[in-house]
Amino acid sequence: MSDAEEAIRLWFPVSRCEEIVPRNVVQTELLGQEAALWRDDLGFVNAWENRCPHRGVRLSIGLNTGSELRCQYHGWWYASITGQCTYIPAHPGQKPPNVIKTKRYGCAEQYGFIWINLGDQPDAAAVPVLQLDSYTTMRSVFTQAPVDLVAQSLIEAHNFEPATSAGNYILETTGPGEKSVLLLQPMNAEQTVIHGLIPSLVRDADRLSVLRQFNGRVSEMRDAIERAAA
Amino acid sequence: MTSNEIAELFPAEISGEWIVVASAADLQPGTTLIVRIAERNLRLQRSMDGHLSAQLSAASDRPEPRIHLQTAYSFIWFCFGAPNKPLFLLPEYAQTDGRIVECGSFGVRTSPLRAVENFLDMGHFPYVHTDILGAEPRTEVNAYRIELRETVDELWAIDCRFHQPKAAAGAATAQETDYTYRVVSPFNVILYKSPPAPHTGNDVICLFIQPLAEQQLRAHLLMVLKDDTSTMSGMIAFQQLIFGQDKPILENHIPLLLPLIGQSEKPARADAMSMAYRRWLLAKNWTYGTQRFAQNSKAA
Amino acid sequence: MIKLYDFELSGNCYKLRLLMGILGVPFERIAIDFYPGREHKSPWFLKINPLGQLPVIDDHGFILRDAQAILVYLACAYDPSGLWYPRDDARMLGRIAMWLGCADSITATASAARLHDSLFYDFDIDKCRAGAHALFRVLDEHLWFAEQEGNDWLCSSKHPTIADIACFPYVMLSEEGGVSRLPYPAVRRWTDRVKRIPGFMVMPGIFGASPAASE
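Calculation rules
- Residues numbered from 1 in each chain as written.
- Chains lettered and ligands numbered in written order.
- Predicted model: local features only at pLDDT ≥ 70, side-chain atom pairs only at ≥ 80, totals over all residues.
- Heavy atoms only, no water.
- Helix = DSSP H or I, 4+ residues; strand = E, 2+ residues; numbered from the N terminus.
- Rg over C-alpha atoms; globule rule 2.2 N^0.38 Å.
- Buried < 20%, exposed > 50% of the residue type's maximum accessible area, 1.4 Å probe, protein only.
- Contact = heavy atoms within 4.5 Å.
- Areas by Shrake-Rupley, 256 points an atom, 1.4 Å probe, with all protein chains shown as cover.
- Lys, Arg positive; Asp, Glu negative; His and termini not counted.
- Charge placed at Lys NZ, Arg CZ, Asp CG, Glu CD.
- 1 Å grid on protein atoms, 1.4 Å probe; cavity = no way out; pocket = protein on both sides within 12 Å on 5 of 7 lines; lining within 4 Å.
- Points joined across faces, edges and corners; volume = space filled by probe spheres on them.
- Nonpolar A, V, L, I, M, F, W, Y, C, P; charged D, E, K, R; others polar.
- Buried area = accessible area lost by both parts, 1.4 Å probe.
- Salt bridge = Lys/Arg side-chain N within 4 Å of Asp/Glu carboxyl O.
- Polar contact = N/O pair within 3.5 Å; in protein donor to acceptor, adjacent residues only side chain to side chain.
- Expected span 1.5 Å × (residues − 1).
- Pairing = 2+ DSSP bridges.

Q: Can you walk me through the overall build of chain A in this structure?
A: Across its full length, chain A carries three helices and 16 strands. Here chain A has a C-alpha radius of gyration of 19 Å; the compact-globule value for 230 residues is 17 Å, and the two agree. Projecting the C-alpha coordinates of chain A onto the three principal axes gives extents of approximately 65 × 45 × 35 Å. Of all 230 residues assigned to chain A, the portion counted as buried reaches 57%. In chain A, the share of contacts with a sequence separation of at least 24, taken over all contacts with a separation of at least 6, comes to 52%. Surface accessibility of chain A: about 9900 Å² in total, with carbon and sulfur atoms responsible for 50%.

Take a look at the structure:
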């Protein structure tokens, strides 16, 4: 099996949970596949292939009404959870055929992140297990560099090591002291998102300064990695 | 030059097609203009006495004999090799009761075929041209007829009708607009629509596509309108507004190439014209601007 | 009535339509054939704006050019709430001026890339796009931390200002210049908030948002 086929079976974080806000649609990309993420008004998070089954227009430019996503092109409605097309405005009297539904990706919420899986049979039990009693998620940092280079740089130049046996996509700081965990989202051959968390709760009074410090450190690493990738 | 070298100059589908390459106004007598077509540069020249000639920049300085050029309908038209058929007829252009409105040309990052297909589509009016060419709740697309006019190899959609809040720059009230679509060639499409009262006859709206690459085009917009009250700037602004609204849709298809085969895009009855266009292209063995599928070579 | 010398596809003209729409200020649009006619470089228009640029307003004989300057004028003259340009708050005025400057930088990069791709302007496209991405990276980080501090808008306030209006159009139109906003999710949330300001209107290239969930 190729690396690409193997990667498709894995789960990757694609957004902090709290950034999937009501009535919004998040455009993201994993392993070269674009996904549209949106939360319905009851809190359910959908992760769909980012194209309308009708004419292929990105669903991420569509409208989240709270119960369905409406395509911007022809106003077709796709129901939360099932992805089933429920209304075709050009034919208001007709029930849309069952075959018209969005392609849904495996989707799970864990450790404060939305995780998705592009495979045909997503198994939520396969979301990586991190030994965390508590955690605080940090700002995700987009990086113009391929995931292997990002992982390699973090390990060789920034004192990170693999946090699980599952590979180099989840890394933690080495040595004693408070750990930082970085979770890599391979967007495509050129871009990677560095998600981050610290394995503890932060007091409200310290939260902003902790977030800023962490973001500052990851951004510096990002800049160094991008210089190396350029 | 061998036939292989000729084949490498332009994709097979481009040869024989009349393709817009410039606005006639952009090539005054005694000037030259570099234009782009299917990833090739072409140097156009108009002599002081008006004669057109062209060279492929990479080739010699001699005019390329296989290139045919003509000026028509405010544009310069290019054909490489023997034309498949004469340039289409647009008699309305010469009629004195229509105002000729040249709206410029726009770069769009999509397949030329996506741009034509969008032009043939009524279902998007309420969502992309909201409160102008359509509005909820009047969203229904009623059945219309499709004709393949074999003698001229043109594809027509007739008896189309849509409720429009503001059908044109000169429209003061909403109206039921009658539409006739006419695909004169894979890159060239014309629309006839009933003008706002009290005018009769048809407004003519043209979309001529200059393919820069398979996913990059220059869209040339021309109208011949029955409107004796609007300013020229106002009529241009209206059509640019409409095209500007289509642009983000055109650039947000995945993939940008048109999938002619397969089940990846599921049509509704309203898409009869789009489906007819795709079948018409398939029958021509057309591949330029379409999504090709590699042989299934996936390892077991 | 205010006259706006206007081009439909201009983000800088649109930001004035947007603010006047939100403030409920009636205005008359005078369509200038910017493209293909280059009417903004015609002798008659150069008498109105010697720089040959859009937009320009004429408010009962008071003629003003420059989109950002016009936003300042409109907010001062026509916003009785004082919230869009809080004239008595030194820090807010400083922040607004900073982001108005950023809006001009966005015009010089993201808008220039769009002019290159859509209207065939002869610009260094790679430089335009790289410049836009550098600005959007700063914007995204700024907006992310603003959210963490409980602020929805650019200038750390509970109410939007003309800075939000100034930066919004060419951020939203960036993809027409080949500048993807996928890497900037906080920017996306902010643009959705702008779209939900009462009185918001669209322009070609910018779609509206769904209504906010009722509380």
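There is more to say after this.
Q: Could you clarify how one ought to interpret the overall build of chain C in this entry?
A: Helix and strand content of chain C: seven helices and four strands. Moving toward the C terminus, one meets the helices and strands of chain C in the order β-α-β-α-β-β-α-α-α-α-α. Relative to the compact-globule value of 17 Å for 215 residues, chain C shows a C-alpha radius of gyration of 17 Å, a close match. In terms of overall dimensions, chain C has a C-alpha envelope of 50 × 45 × 35 Å along the principal axes. When each of the 215 residues of chain C is scored for burial, the buried share is 57%. The long-range fraction of contacts in chain C, counting pairs at least 24 apart against all pairs at least 6 apart in sequence, stands at 62%. Working note: accessible area of chain C is about 8600 Å², and carbon and sulfur atoms make up 56% of it. The distance from the centre of the 22 positive side-chain charges to the centre of the 26 negative ones in chain C is 1 Å.

Q: When you look at empty space enclosed by the protein in this model, what are you seeing that I'm missing?
A: The method is simple in principle: a probe with the dimensions of a water molecule rolls over the atoms, and the space it marks as empty is what remains. Inspection of the entire model under this criterion finds four cavities of 30 Å³ or more. If you add up the space inside the largest cavity, you get close to 310 Å³. For the largest cavity, the lining is made up of 27 residues, of which Phe119(B), Leu133(B), Leu191(B), Gln239(B) and Ile242(B) are closest to its centre. At the level of elements, helix 2 (112-119), strand 10 (175-185), strand 11 (188-193), strand 12 (203-213), strand 13 (216-225) and helix 4 (232-250) of chain B are the ones that each hand at least two residues to the lining of the largest cavity. At six residues, helix 4 of chain B tops the list of elements feeding residues into the lining of the largest cavity. Considered class by class, the residues forming the lining of the largest cavity number 19 nonpolar, four polar and four charged. If you trace the second largest cavity, you find 13 residues lining it, with Arg55(A), Tyr73(A), Glu117(B), Asp121(B) and Ser274(B) closest to the centre. When residues of the lining of the second largest cavity are assigned to their parent elements, the largest contribution, three residues, is made by helix 2 of chain B.

Q: Sorry, what's going on with the interface of chain A and chain B here?
A: Quite often, the size of an interface is put as the accessible area lost when its parts meet. Counting from both sides, the interface comprises 23 residues of chain A and, opposite them, 27 residues of chain B. Between chain A and chain B, a total of about 2200 Å² is buried, with carbon and sulfur atoms accounting for 51% of that surface. When the area that chain A buries against chain B is broken down by residue, the three leading residues are Arg55(A), Tyr73(A) and His91(A), summing to 32%. There are two salt bridges connecting chain A and chain B. For the salt bridge of Glu265(B) with Arg55(A), the shortest nitrogen-to-oxygen distance reads 3.9 Å. In this assembly, chain A and chain B are joined by 19 residue pairs in polar contact (both at pLDDT 80 or more). Among the residues making up the side of chain A that touches chain B, the classes are represented as eleven nonpolar, eight polar and four charged.

Q: In this structure, what is going on with the interface of chain C and chain A? I would like to understand it.
A: On the side of chain A, 34 residues touch chain C, which itself brings 22 residues to the contact. The interface formed by chain C and chain A holds five salt bridges in total. The partner of Glu141(C) in a salt bridge is Arg139(A), and the shortest N-O contact between them spans 3.9 Å. On the surface where chain C and chain A come into contact, there are 14 residue pairs in polar contact (both at pLDDT 80 or more). Sorting the residues of the side of chain C that touches chain A by element identifies helix 5 (125-148) and helix 7 (185-195) of chain C as the ones contributing at least two each. Counting residues per element, the side of chain C that touches chain A draws most heavily on helix 5 of chain C, at six residues. Partitioning the side of chain C that touches chain A into residue classes produces ten nonpolar, three polar and nine charged.

Q: Looking at this structure, I do not really get helix 5 (residues 272-283) of chain B. What am I missing?
A: Note on helix geometry: an α-helix contains 3.6 residues per turn, so any two residues three or four positions apart are oriented the same way. Residue and element names in this part refer to chain B. End to end, helix 5 covers 16 Å across twelve residues, agreeing with the expected 16 Å (1.5 Å per residue, within 8%). Every buried residue of helix 5 is accounted for by Met 273, Ser 274, Ala 276, Tyr 277, Arg 278, Trp 280 and Leu 281. Against helix 2, strand 8 (145-149), strand 9 (154-164) and strand 10 lie the buried residues of helix 5. Phi for Asn 285, located one or two positions after helix 5, is positive at around 55°.

Q: It is not clear to me how the pairing of strand 13 of chain B should be interpreted in this structure. Could you clarify?
A: Each regular strand carries side chains that alternate between the two faces of the sheet. All names here are of chain B. Of all ten residues in strand 13, eight are buried, a share of seventy percent or more. Of the pairings in the sheet, the one linking strand 7 (residues 99-108) to strand 13 comprises eight bridges and is antiparallel in character. Bridged to Ser 105 within strand 13 is His 220. Note: strand 12 against strand 13, nine bridges, orientation antiparallel. Within the sheet, the bridge partner assigned to Leu 207 lies in strand 13 and is Leu 221. Linking strand 12 to strand 13, which pair antiparallel, is a turn of two residues.

Q: It is not clear to me how the layout of surface pockets should be interpreted in this structure. Could you clarify?
A: Size it by volume and the second largest pocket reaches roughly 1000 Å³. Secondary-structure elements contributing two or more residues to the lining of the second largest pocket are helix 3 (125-128) and helix 4 of chain B together with strand 2 (27-31) of chain C. At six residues, helix 4 of chain B tops the list of elements feeding residues into the lining of the second largest pocket. In terms of residue class, the lining of the second largest pocket is made up of 22 nonpolar, eleven polar and eight charged.

Q: Please explain the environment of Asp131(B) as it appears in this structure.
A: Note on placement: Asp131(B) falls in the loop between helix 3 and strand 8. Beyond its immediate chain neighbours, meaning those up to four positions away, Asp131(B) contacts Pro165(B) and Lys166(B).

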